[in-house]
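Chains, contacts and geometry: an overview
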Amino acid sequence: MGARKYQLAEKLKAEKKLKAIAVLRDCPTSPRKMRIVADTIRGMEINKALGILRFSKKEASIRLEKLLRSAIANWEAKNEGERLEDNTLFVKEIMVDGGRILKRIQPAPQGRAHRIRKRSNHVTIVVDKMVNEEKK
C-alpha cells in the first residue's frame, strides 16, 4: 500500500472512532417502507426525532426508535466526559439499504406458481454533535 493510501486509511479510521454509529441488519421490513420513516427524521435533533418516532403509526418507527436510542448510548460511551443534556445531538446520517430477499412460491391457478419476494433491509444511523456556525 502506498503512503497516501495508508495516510488516508488511518485518517478514516480515526474519524470512524469519533462517530457514534448504530446498525440494524436484516430487518424484516421492505426498504421502501423503512425509507419513508427514515426520511422524516434525517437531520433532526434527537429529542424531536424520538418524539416523532414514538407517536408514528408506522411499524418501522418502532425499530428505528430502538436503533436511535442505541446510537445515543454509543455516543455516550465514546464521550464519557460529556453530558447528553449539555450537548445538542442530531441525526447526521441515516441510510437504508436493501438486505437479503427470501424467495417463496405462491400456488397459482392452472398449475402455475407466483414468486413472492420477502424483502429485508439494513439501517445505519450516525449521531453527532450540532456545531453552531454562527459563532464565526
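Model, not experiment: these values are computed from the prediction. (Residues numbered from 1 in each chain as written. Predicted model: local features only at pLDDT ≥ 70, side-chain atom pairs only at ≥ 80, totals over all residues. Heavy atoms only, no water.)

**Overview of the overall build of the chain**
Each helix and strand in the chain was counted, giving four helices and five strands. When the helices and strands of the chain are read in sequence order from the N terminus, they spell out α-β-α-α-α-β-β-β-β. Taken over C-alpha atoms, the radius of gyration comes to 20 Å for the chain, far larger than the 14 Å a tight globule of 136 residues would show. For the chain, the C-alpha atoms occupy an extent of roughly 70 × 50 × 25 Å along the three principal directions. Considering only intrachain contacts with a sequence separation of at least 6, the fraction spanning at least 24 residues in the chain is 70%. (Helix = DSSP H or I, 4+ residues; strand = E, 2+ residues; numbered from the N terminus. Rg over C-alpha atoms; globule rule 2.2 N^0.38 Å. Contact = heavy atoms within 4.5 Å.)

**Things to note about the nonpolar core**
The biggest cluster of nonpolar side chains holds 26 residues, and the ones touching the most others in it are Met 34, Leu 64, Leu 68, Ile 94, Val 123, Ile 125 and Val 127. Broken down by element, the residue count for this core peaks at seven residues, all from helix 4 (residues 60–78). If we ignore the near neighbours within four places in the chain, the residues touching Met 34 are Cys 27, Thr 29, Ala 60, Leu 64, Val 96, Asn 121 and Val 123. (Core = buried A, V, L, I, M, F, W, Y, C linked by side-chain atoms within 4.5 Å. Buried < 20%, exposed > 50% of the residue type's maximum accessible area, 1.4 Å probe, protein only.)

**A look at the pairing of strand 5 (residues 121–129)**
The buried fraction of strand 5 amounts to seven of the nine residues, a majority that puts the element mostly inside the structure. In the sheet, strand 1 (residues 20–27) pairs with strand 5 via six bridges, with the strands oriented antiparallel. Counted as the bridge partner of Leu 24 is Val 123 from strand 5. (Pairing = 2+ DSSP bridges.)

**As for the sheet that holds strand 5**
Overall, antiparallel pairing links the three strands, which are arranged 1-5-2 in an open sheet. Pairing within the sheet leaves two strands with one partner each, and these edge strands are strand 1 and strand 2 (89–98). Averaged over neighbouring strand pairs, the angle between their axes works out to 15° when direction is ignored. (Axes fitted to C-alpha atoms, helices over the stretch in contact; angles between N-to-C directions.)

**Re a positive patch on the surface**
Together, Lys 103, Arg 115, Arg 117 and Arg 119 make up a region of like positive charge exposed at the surface. As for its position among the elements, Arg 117 is in strand 4 (residues 113–118). (Patch = residues over 30% accessible without salt bridge, like charges linked within 9 Å, V, L, I, M, F, W, Y side chains within 5 Å. Areas by Shrake-Rupley, 256 points an atom, 1.4 Å probe, with all protein chains shown as cover. Salt bridge = Lys/Arg side-chain N within 4 Å of Asp/Glu carboxyl O. Lys, Arg positive; Asp, Glu negative; His and termini not counted. Charge placed at Lys NZ, Arg CZ, Asp CG, Glu CD.)

**Considering the pattern of salt bridges**
The tally for this structure, following the rule as stated, stands at eleven salt bridges. As a salt-bridge pair, Arg 83 and Glu 85 come within 3.5 Å of each other at their nearest N and O atoms. Through salt bridges with shared partners, a single ionic network connects Arg 54, Glu 65 and Arg 69.

Treat this as a map of the structure, not an account of what it does.
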